[in-house]
Amino acid sequence: MCSSDLELKRLTNLPVPRATKHKGWLIFRRVLPALGFGALIIANPVMRAWRTGNFGEGVPRLILSEFAIVGAIVLLQLYRFWRDKGLIARGAMALGRVTRQRTGRYETSVINYTFRDVNGKEIKAMGTDYSKKYYEDMWVVVFYDEGNPKRNVAQSCALYEVEA
């Protein structure tokens, strides 16, 4: 019996909603780069306008549109944070198999995994494995929405974890 199978059995015995705790540092690793990149994007036209002394009509509009883009990126990351919490707390669970693992130049790896929902339908998904412990052909616990199994997260890819 593999460790993921034992973990699935342990989690299955917990009452729903399951108590969760966030992996707080991960949200900062996802949101702070977006904010930093956004600050650079927004600072560029401001600095150019300040150097030339040309704060014409187009500059405030450009700055506002860049704020909107940066805000959308940050909101998307925060949405993922809250979605993970709901899936971990109330989602159905399945044992999935990692089908592909890629490590990039960053401190994470990306895994592709498949699992079967309660109806037996095979679902393919991918996520960022923050633990960097999962490789091809390993088992992983997957939390998913029974009504829409395409909304899922592998345990190692979640920004939340089940509180033991």
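Model, not experiment: these values are computed from the prediction.

Rules used throughout
Residues numbered from 1 in each chain as written. Predicted model: local features only at pLDDT ≥ 70, side-chain atom pairs only at ≥ 80, totals over all residues. Heavy atoms only, no water. Core = buried A, V, L, I, M, F, W, Y, C linked by side-chain atoms within 4.5 Å. Buried < 20%, exposed > 50% of the residue type's maximum accessible area, 1.4 Å probe, protein only. Helix = DSSP H or I, 4+ residues; strand = E, 2+ residues; numbered from the N terminus. Contact = heavy atoms within 4.5 Å. 1 Å grid on protein atoms, 1.4 Å probe; cavity = no way out; pocket = protein on both sides within 12 Å on 5 of 7 lines; lining within 4 Å. Points joined across faces, edges and corners; volume = space filled by probe spheres on them. Polar contact = N/O pair within 3.5 Å; in protein donor to acceptor, adjacent residues only side chain to side chain.

**Quick word on the nonpolar core**
Among the nonpolar cores identified, the biggest contains 28 residues, and Ile88, Ile111, Tyr113, Phe115, Val140, Phe143 and Val153 are the most heavily contacted of them. Elements that contribute at least two residues to this core include exactly helix 1 (3-12), helix 3 (58-90), strand 2 (92-103), strand 3 (109-116), strand 4 (122-129), strand 5 (139-145), strand 6 (148-154) and strand 7 (160-162). Here the element with the most residues in this core is strand 5; it accounts for 5 residues. Once residues lying within four places of it in the same chain are set aside, the contact partners of Ile88 are Arg18, Thr20, Phe143, Val153, Ala158, Tyr160, Glu161 and Val162.

**Points about the layout of surface pockets**
The gaps of empty space that remain are located by a probe, the size of a water molecule, rolled over the atoms. Taken as a whole, the second largest pocket encloses approximately 240 Å³ of empty space. Surrounding the second largest pocket, Glu7, Arg10, Lys23, Tyr130, Ser131, Lys133, Tyr134, Gln155, Ser156, Tyr160, Glu161 and Val162 form its lining. Of all the secondary-structure elements, those providing two or more residues to the lining of the second largest pocket are helix 1 and strand 7. If you tally residues by element for the lining of the second largest pocket, the top one is strand 7, at 3 residues.

**Re the side chain of Asn152**
Locating Asn152 in the fold gives a position in strand 6. Since its relative accessible area comes to 7%, Asn152 is described here as buried. Side-chain polar atoms of Asn152 contact the backbone oxygen of Pro149, separated by 2.9 Å. A distance of 3.3 Å separates the side chain of Asn152 from the backbone oxygen of Lys150, its partner in a polar contact. Excluding residues within four positions of it along the chain, Asn152 makes contact with Arg83, Leu87, Tyr113, Phe115, Ile123, Ala125, Val142, Phe143 and Tyr144.

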